[in-house]
Amino acid sequence: MKKQQSLVQSLIVVIVGSYVISQYVYPGLQESFVLYGPAVKSGEYWRLFTVALLHANWMHLIFNMLALWSIGTPVEQIFGKVRFGIVFFGSLLTASIASAYFGPNAHAVGASGAIFGLFGALLAIGRRAGANMQNVTGTIVLNLLITFIVPGIDWRAHVGGLLGGYLIAQALIAFSRT
């Protein structure tokens, strides 16, 4: 029996493919998909999700995909494909809303808001399981420090994704017990 491809793997393929298309085949895709508050306000709500398909450069893409692979894989193994998808896309939405609301004229690209949501989910999972959370907490703090130290990083999306992922995971955990 053929092993089913994980959602993490599928997301990486789609995101990398979208980046390649936006850079080499259809550069106009970048302007159509970028998260930009006034465009969202005027009804272009797809931008709340398509932001994850774009990245500023190869380094941005590679780091985000490595993070998605290393953090997303255990979250998907714990939650399963459907609930992982709820956490990922829910975190992407909360990250995008936070970015558009608190930085209304900023142009944002990348999947890191959703990835921070996966950090939040790991935190929720670990707390519920009674795990030693030093490594997860340390990794989150380090990444938040980078967020606020390195110029040009959308801190609003990172914090919005982290909070969204934590709350969504808490809800999924609570509702799976009933």
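Anything mentioned here points back to the structure above.
Reading guide: rules and limits
Residues numbered from 1 in each chain as written. Predicted model: local features only at pLDDT ≥ 70, side-chain atom pairs only at ≥ 80, totals over all residues. Heavy atoms only, no water. Helix = DSSP H or I, 4+ residues; strand = E, 2+ residues; numbered from the N terminus. Rg over C-alpha atoms; globule rule 2.2 N^0.38 Å. Buried < 20%, exposed > 50% of the residue type's maximum accessible area, 1.4 Å probe, protein only. Contact = heavy atoms within 4.5 Å. Lys, Arg positive; Asp, Glu negative; His and termini not counted. Charge placed at Lys NZ, Arg CZ, Asp CG, Glu CD. Core = buried A, V, L, I, M, F, W, Y, C linked by side-chain atoms within 4.5 Å. Salt bridge = Lys/Arg side-chain N within 4 Å of Asp/Glu carboxyl O. 1 Å grid on protein atoms, 1.4 Å probe; cavity = no way out; pocket = protein on both sides within 12 Å on 5 of 7 lines; lining within 4 Å. Points joined across faces, edges and corners; volume = space filled by probe spheres on them. Nonpolar A, V, L, I, M, F, W, Y, C, P; charged D, E, K, R; others polar. Expected span 1.5 Å × (residues − 1).

Draft legend 1. Here's a closer look at the overall build of the protein. Scanning the protein from N- to C-terminus turns up nine helices and two strands. Scanning the protein from its N terminus toward the C terminus, one meets helices and strands in the order α-α-β-α-α-α-α-β-α-α-α. On C-alpha atoms alone, the protein measures out to a radius of gyration of 16 Å, which is about the 16 Å that the 2.2 N^0.38 rule sets for 178 residues. Evaluated residue by residue, the protein yields a buried proportion of 47% over its 178 residues. Long-range contacts, defined here as pairs at least 24 residues apart, represent 74% of the contacts in the protein between residues at least 6 apart. In the protein, the 10 positive side-chain charges and the 4 negative ones have mean positions that sit 16 Å from each other.

Draft legend 2. Structural detail: the nonpolar core. Residues Leu68, Phe79, Phe84 and Leu118 are the most contacted members of the largest nonpolar core, which totals 44 residues. Secondary structure elements with two or more residues in this core: helix H1 (7–25), helix H5 (58–79), helix H6 (81–102), helix H7 (112–129), helix H8 (134–149) and helix H9 (155–176). The element contributing the most residues to this core is H7, with nine residues. Those residues in contact with Leu118 that lie beyond four places of it in its chain are Leu68, Ile71, Gly72, Val75, Phe84, Val87 and Phe88.

Draft legend 3. Quick peek at the side chain of Asn64. As for its position among the elements, Asn64 is in helix H5. Given the relative accessible area of 8%, Asn64 is considered buried.

Draft legend 4. Region of interest: the pattern of salt bridges. Applying the stated criterion to the full structure yields two salt bridges. The residue Glu44 makes a salt bridge to Arg47 at a minimum N-O spacing of 2.5 Å. On the basis of relative accessibility, which here comes to 22%, the residue Glu44 falls in the partly exposed class. Notably, a salt bridge pairs Asp154 with Arg156, separated by 3.3 Å at the nearest N-O pair.

Draft legend 5. Region of interest: the layout of surface pockets. Of the pockets and cavities examined, the largest pocket occupies roughly 590 Å³. Forming the walls of the largest pocket are 35 residues, and the residues nearest its centre are His60, Asn64, Ser112, Phe116 and His158. Looking at the lining of the largest pocket element by element, the count peaks at eight residues for H5. Looking at side-chain class alone, the lining of the largest pocket contains 20 nonpolar, 13 polar and two charged residues.

Draft legend 6. Examining the environment of His55 more closely. Summarising the element assignment, His55 is placed in the loop between helix H4 (47–50) and H5. Along the sequence, His55 and Leu11 sit 44 residues apart, while their C-alpha atoms lie 14 Å from each other. Among all residues touching His55, those that are not within four sequence positions of it are Ile15, Tyr19, Gln23, Gln30, His60, Leu61, Asn64, Met65, Val109, Gly110 and Ala111.

Draft legend 7. Representation of H1 in the model. The terminal C-alpha atoms of H1, which comprises 19 residues, lie 25 Å apart, in line with the 27 Å expected from a rise of 1.5 Å per residue. Buried residues in H1 make contact with helix H2 (28–33), H5 and H6.

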